[in-house]
Each structure stands twice: as structure tokens, then as C-alpha cells.
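So you can see what is in the structure, the chains are spelled out below.
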Amino acid sequence: MRNVSGIIIHQSSNQYRSGWRGGQAWSASGRMGAAWFPATRDGVLLLVSTYVQFLYVKQNSIINIISMLSLEELAVRLFDVGAVRLGDIEAKIGRRTPIYFDLRVVVSRPEIMMAVAQQLQKLAREINHDLLCGVPYAALPIAAVMSVNTNTPMIMKRKETKLYATKKILEGLFEINQNCLVVEDVVTSGGSLLETVDTLRSEGLIVSHAVVVLDRDQGGARVLKENGIIVKPLYSMTGLLKMLNDAGKIDSETVDIILNHIKESQFNTAMKDNLELL
């Protein structure tokens, strides 16, 4: 026991707690422990350093675990969390679709969001770019994680021009003629992505590529290529279905139903409006 003021750090397997108090310098029980730091400038610096190192190790342990996920494993995780939904689902433009891909749910599963971002980063490494821009709204958090992971500046396109103050359509810092890589969740007709690209180009940015999580194989990538955008997807619809079928998540009959729907629901260059089926 010491009657010296200081900082005691209580450590468990997943948390640090601190408080200014005197008394016991050290105690330990199982996985719990408490470390005492003197209430001096050096003690505070040591405390901060220790806490930062703990957070770094914890964060990188999570990243290392996630980085081991293959595309096949990630596909299963996306299915299990509800990002891939099956059924007779109403699409954005009133049509029906037997499969719906909703990446918005992964904002509540940071480990999956990190895994998706890391896989997209692998694609992005092969593309020259100065900036990232996520297509609003589903791709915004994924682009933000990529930006932080790679220390790449990010800009945000608003759905509509701000009507007051700066009255901007793009938020963030950029320079004319910088290369901007677009991040998107799903490409169907290519309409949403093309709308974002048109805005970026109108602001003086160079856009030639997009990385996307899923290409639904409905012609959107072809439309975008004809407009000067090369799409690099993590998954094609055909590939995703095969992975989920191999994993026992969907049966062969369901795969055939979806593929027939995809074949019958193709978009062409005349359909450049926002016709995303998601």
C-alpha cells in the first residue's frame, strides 16, 4: 500500500479504466489487473502512451483477424448479416427482383465493414487516384473506412446542392485535375454512379475508375465503360451466387431463378437515368 496520489489503470481483456486516487499500487486477479502511475507529468505521459499502445494492439488484432477473410468467407458473412436478401422484392423503380443487396446494414457490423473496405482497397491499389468519393449514401461509410485505412483524402457528393452558406455540391478539399476514384456498393444500370461521375467531372476532377462491391451483371458496367468509367467489382452476381451456393446458403433452383431474372432485365446505353434496382 502507498499513500501517494496517482493514476490507477484497471485493465480487463477489453477495456481500460482510469481514475485519480491514492492507495494500492498493484493488484491482480485472473485476467483483471491494475497498474499504478504517479500523478506527475511523466506519469501522465506514461499513462497516455500505455493507453494508445493498448488501443493500437486491440485495433490491429481485429484488422489482422478480418484480413484473413477470403471473398468466399466475406460473401457468407454478408449473407448471414442480411446484406443479401432473397424473395419477391420490390425494386426502386417498381419492378420486382428475386435478390436484393443492401450494404447499409454493415454500418452496424464494423468488422464486416472493415473487411469490405479492405477488399476494395486491394482493387484500389491498382488504380492511380488522389481522392476517394463514395456514391451517396450506402457507399459513404465504406469510402470513409478506406480513406482512414490508406490515408487517402476523401470528398463527399451531396444528393443536392447546399442551399445556404457555401452552396456546394461537393464537400471536402480537392484541386482541379486530381484523379478521383469512385466507390459504389451496387451497379445495376449504372445510373447512380454515372450521376456522381458527371458531378465530379463538372467540378474539374478526373474520373476513370470505380470500385464496387457487386456488379449485378445487368449491363451497368457496359454503360459506364461507354462513358469512360472502368468498373472493378469484388463480386459479379454470377460469382456471388456460386459462392453462396457452394456454401449451402442458397440452393441451385434459387440460383437459376435469379440468373434468369438477370438475363431478362438488362440495361443498355439508352438507359442512363437513375434506374438502379439495388
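See the structure shown above.
Residues numbered from 1 in each chain as written. Predicted model: local features only at pLDDT ≥ 70, side-chain atom pairs only at ≥ 80, totals over all residues. Heavy atoms only, no water.

Undergrad: What should I look at first to understand unusual backbone geometry in this one?
TA: When glycine is set aside, most residues are seen to have a negative phi, and most peptide bonds are trans. At the junction of Pro-136 and Tyr-137, the peptide bond is cis and its omega measures out at 0° in the coordinates. Of note, Tyr-137 is situated in the loop between strand E7 (131-134) and helix H4 (140-150). Although it is not a glycine, Asn-177 adopts a positive phi angle of roughly 75°. Looking at the secondary structure, you find Asn-177 in the loop between strand E9 (170-171) and strand E10 (180-187). Of note in the backbone geometry, Asp-217 takes a positive phi value of approximately 65° without being a glycine. Counting through the fold element by element, Asp-217 comes out in the loop between strand E11 (209-215) and helix H6 (220-226). (Helix = DSSP H or I, 4+ residues; strand = E, 2+ residues; numbered from the N terminus.)

Undergrad: Can you walk me through the environment of Val-186 in this structure?
TA: Here Val-186 shows up in strand E10. Taking relative accessible area as the criterion, Val-186 reaches 1% and is therefore assigned buried. (Buried < 20%, exposed > 50% of the residue type's maximum accessible area, 1.4 Å probe, protein only.)

Undergrad: Can you help me understand the sheet that holds E11 in this one?
TA: The strands that make up a sheet are held in pairs by hydrogen bonds between backbone atoms, and each pair lies either parallel or antiparallel. In space, the 6 strands of this open sheet follow the order E9-E8-E7-E10-E11-E12, with mixed pairing throughout. This sheet does not close on itself; its edge strands, each paired only once, are E9 and strand E12 (230-236). (Pairing = 2+ DSSP bridges.)

Undergrad: Teacher, can you tell me more about the pattern of salt bridges here?
TA: Side chains bearing opposite charge may pair, as long as their charged atoms lie close to each other. All chains considered together, the criterion is met by 8 salt bridges. Arg-96 is the partner of Asp-88 in a salt bridge, and the nearest nitrogen-oxygen pair spans 3.2 Å. A relative accessible area of 42% means that Arg-96 is categorised as partly exposed. A cluster of three or more residues bridged by salt bridges with shared partners is formed by Asp-88, Glu-90 and Arg-96. (Salt bridge = Lys/Arg side-chain N within 4 Å of Asp/Glu carboxyl O.)

Undergrad: Please clarify how the pairing of strand E6 (residues 96-101) should be interpreted in this entry.
TA: Consecutive side chains along a regular strand alternate between the two faces of the sheet. The buried fraction of E6 amounts to 5 of the 6 residues, a majority that puts the element mostly inside the structure. Pairing analysis gives 5 bridges linking strand E5 (residues 84-90) to E6, with the strands arranged antiparallel. In the strand pairing of E6, Arg-85 is matched with Tyr-100.

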